[in-house]
Amino acid sequence: MSFRSVIAVLGVLAVVGLLVFGLASKGASGVEVGDPAPKAPLPRLEGEGTQSLADYRGRWVLVNFWASWCLPCRSEAPDLERFQQEHGGAKFTVVGFDSRDLTEDGRAFVAKYGLSYPQLRDGNGDAAHDFGTTGVPEKYLIDPAGKVRLLVRGPVDEEYLEEQVAPLLPKGKQ
Amino acid sequence: MITRVLMTTALALALLAPVAAAEGRASLTEIEKQVMCPVCGTLLQLAESPQAQRERVFIDRLIAAGKSEAEIKDALVAEYGDEVLALPPDSGFSLSAYLVPIIAFLIAAVALAIGVLRWRRAGGKDGPPPQAASPSDEDAERLDADLARYDL
């Protein structure tokens, strides 16, 4: 093969590689029911260090993507806290993912609504991208094996949580 | 005389100082052109979402605290990541966003130059285009006869 042919082949491979990379990075991302949940570590919203959903293996987790500037997130916050108070424990917890939000705003939101469950910070939206969220609020119920069992786009209320989420959890106070 | 000169100089400095300070101060309008609204995916200056409003408040607060434009952009990156910058940073992997187009342009220019040189060399070797061959005597006679027949 001549030098010119090698250069031409390399050029074509480079263009194809760029196209594949572009499609792979922009293409279908996100999780569906039955998929394993992403487990990239995130910084804690309050306090030091990071935490990952892998740290919750063996527990049911209701991941809630929210932001302080999101109006529906405000309306559902008290219901989520009540649900945590009612069902949270050794086998279940709500975990908040504060997404594309200012740290201070997020902390003020947590304080205002008295949220007692763990909060992680997804400032650059990487976790939201990995989950494939379309906005906030969104919820993903993850089983003890780390798989998504329920996906809820939009806000929820107490009635929805008790009727749709609670029956999937082990009976009784967790 | 010296006193008058000193007083004039002091007055001029006093008048110019606020102007110089204002020029060095960060401005929301300028920063809005350089950063993104991460939720909207547009420049902050074009965004009106609730998240964009909070971002503006954040920038305003830092301006009021006397932070420079660079410090404010660093603070935004700390909150939202590199993607908040309209232009990628000129360091690390992001540097490729600037280098790749330049390298591609240089390669294309070199390839074009080589192509033009080769084309010109090929043209020189061939020499001038060949002249049409003269007709044979027989053809010339027939041509003359035809022209005479048509009285041209």
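Note that the structure is predicted; figures quoted are calculated from it, not measured. (Residues numbered from 1 in each chain as written. Chains lettered and ligands numbered in written order. Predicted model: local features only at pLDDT ≥ 70, side-chain atom pairs only at ≥ 80, totals over all residues. Heavy atoms only, no water.)

Undergrad: Can you lay out the overall build of chain A for me, pointing to particular residues and giving the numbers?
TA: Secondary structure summary: chain A contains five helices and seven strands in total. Taken from the N to the C terminus, the helices and strands of chain A come in the order α-β-β-β-α-β-α-β-α-β-β-α. Its C-alpha atoms give chain A a radius of gyration of 20 Å, more than 25% over the compact-globule value 16 Å for 174 residues. Each principal axis of the C-alpha atoms in chain A carries an extent, and together these give about 75 × 35 × 30 Å. Long-range contacts, defined as pairs at least 24 residues apart, comprise 71% of the intrachain contacts of chain A with a sequence gap of at least 6. Carbon and sulfur atoms form 59% of the exposed surface of chain A, whose accessible area is close to 8900 Å². Taken as two groups, the 19 positive and 23 negative side-chain charges of chain A have centres that lie 6 Å from each other. (Helix = DSSP H or I, 4+ residues; strand = E, 2+ residues; numbered from the N terminus. Rg over C-alpha atoms; globule rule 2.2 N^0.38 Å. Contact = heavy atoms within 4.5 Å. Areas by Shrake-Rupley, 256 points an atom, 1.4 Å probe, with all protein chains shown as cover. Lys, Arg positive; Asp, Glu negative; His and termini not counted. Charge placed at Lys NZ, Arg CZ, Asp CG, Glu CD.)

Undergrad: Provide a residue-level description of the state of the cysteines, including the pertinent values.
TA: In this structure the tally under the stated criterion is two disulfides over all chains. Disulfide pairing is shown between Cys70 of chain A and Cys73 of chain A; the S-S distance is 2.2 Å. Measuring the twist about the S-S bond at about 85°, one finds the Cys70 of chain A-Cys73 of chain A disulfide to be right-handed. The disulfide bridge from Cys37 of chain B ends at Cys40 of chain B, spanning 2.2 Å between sulfur atoms. Across the disulfide from Cys37 of chain B to Cys40 of chain B, rotation about the S-S bond amounts to roughly 60°, and the bridge is consequently right-handed. (Disulfide = S-S within 2.5 Å.)

Undergrad: Tell me about the sheet that holds strand β3 (residues 60-66) of chain A, and please be specific about residues and values.
TA: Consider a sheet: its strands pair through backbone hydrogen bonds, and that pairing is either parallel or antiparallel. All names here are of chain A. Spatial ordering of the open sheet is given by β5-β4-β3-β6-β7, a layout of five strands whose pairing is mixed. Of all strands in the sheet, those with a lone pairing partner are β5 (119-122) and β7 (148-153), marking the two edges. Neighbouring strand axes in the sheet, compared pairwise and without regard to direction, differ in orientation by 20° on average. Relative to β5, strand β4 (residues 92-99) runs parallel, the two sharing four bridges. For Ser99, the partnering residue across the bridge sits in β5 and is Asp122. (Pairing = 2+ DSSP bridges. Axes fitted to C-alpha atoms, helices over the stretch in contact; angles between N-to-C directions.)

Undergrad: Which residues make up the packing of aromatic side chains, and what values go with them?
TA: Residues and elements named next belong to chain A. This model, assessed by the stated rule, comprises eight aromatic pairs over all chains. Aromatic side chains Phe83 and Phe92 sit 5.7 Å apart centroid to centroid with 85° between the ring planes, which places their arrangement in the edge-to-face category. What links up through ring pairs into an aromatic cluster is the set Phe65, Phe97, Phe131 and Tyr140. (Phe/Tyr/Trp six-rings, centres within 6.5 Å; stacked < 30°, edge-to-face > 60°.)

Undergrad: Provide a residue-level description of the pattern of salt bridges, including the pertinent values.
TA: Scanning all chains against the criterion turns up twelve salt bridges over all chains. Close ionic contact of Glu104 of chain A with Arg107 of chain A constitutes a salt bridge, the shortest N to O distance being 3.2 Å. Taken together, the residues Glu104 of chain A and Arg107 of chain A, both in helix α3 (residues 103-113) and three residues apart, mark about one turn of the helix. When its relative accessible area of 30% is taken as the criterion, Arg107 of chain A is described as partly exposed. In this structure, Glu32 of chain B engages Arg56 of chain B in a salt bridge whose closest nitrogen and oxygen atoms are separated by 2.3 Å. In this pair, Glu32 of chain B sits in helix α2 (residues 28-32) while Arg56 of chain B sits in helix α3 (residues 50-64), placing the two residues 24 residues apart along the sequence. (Salt bridge = Lys/Arg side-chain N within 4 Å of Asp/Glu carboxyl O. Buried < 20%, exposed > 50% of the residue type's maximum accessible area, 1.4 Å probe, protein only.)

Undergrad: Pulling in residues and values, what's your account of the interface of chain B and chain A?
TA: The interface is formed by eleven residues belonging to chain B together with ten residues belonging to chain A. Buried surface at the junction of chain B and chain A, both sides included, amounts to about 1000 Å², of which 54% is carbon and sulfur. By the criterion of area lost to chain A, the three top residues of chain B are Arg54, Glu79 and Tyr80 of chain B, representing 49% of everything that side buries. Viewed at the interface, chain A and chain B are joined by two salt bridges. A salt bridge links Arg54 of chain B to Asp105 of chain A; its shortest N-O distance comes to 2.7 Å. At the boundary of chain B with chain A, the tally comes to three residue pairs in polar contact (both at pLDDT 80 or more). No other element matches the four residues that α3 of chain B contributes to the side of chain B that touches chain A. When the residues that make up the side of chain B that touches chain A are grouped by side-chain class, the tally is six nonpolar, two polar and three charged. (Buried area = accessible area lost by both parts, 1.4 Å probe. Polar contact = N/O pair within 3.5 Å; in protein donor to acceptor, adjacent residues only side chain to side chain. Nonpolar A, V, L, I, M, F, W, Y, C, P; charged D, E, K, R; others polar.)

Undergrad: Let's hear about the environment of Leu151 of chain A: which residues, and what values?
TA: Tracing the sequence through the fold places Leu151 of chain A in strand β7. If sequence neighbours within four positions are ignored, Leu151 of chain A has contacts with Val31, Val33, Lys139 and Tyr140 of chain A.

Undergrad: Mind laying out unusual backbone geometry, listing which residues take part and the relevant values?
TA: Excluding glycine, residues mostly have negative phi values, and the peptide bonds linking residues are mostly trans. All names here are of chain A. Put simply, Val136 and Pro137 share a cis peptide bond, and its omega is 0°. Its place among the elements puts Pro137 in the loop between α4 (126-131) and β6 (138-142). Positive phi values are uncommon outside glycine, yet Arg100 reaches one of about 45°. Among the structural elements, Arg100 can be located in the loop between β4 and α3.

Undergrad: Account for the nonpolar core, with residues named and values stated.
TA: In summary, soluble globular proteins display a tendency toward joint burial of nonpolar side chains. Residue and element names in this part refer to chain A. One finds Leu62, Phe83, Phe92, Leu141 and Leu161 to be the most contacted residues of the largest nonpolar core, which totals 25 residues. Sorting the residues of this core by element identifies β3, α2 (71-87), β4, α3, β7 and α5 (158-165) as the ones contributing at least two each. Not counting chain neighbours up to four residues away, the residues in contact with Leu62 comprise Leu80, Phe92, Thr93, Val94, Val95, Lys139, Tyr140, Leu141 and Leu161. Counting 18 residues, the second largest nonpolar core, distinct from the first, contains Leu53, Phe65, Val95 and Tyr140. (Core = buried A, V, L, I, M, F, W, Y, C linked by side-chain atoms within 4.5 Å.)

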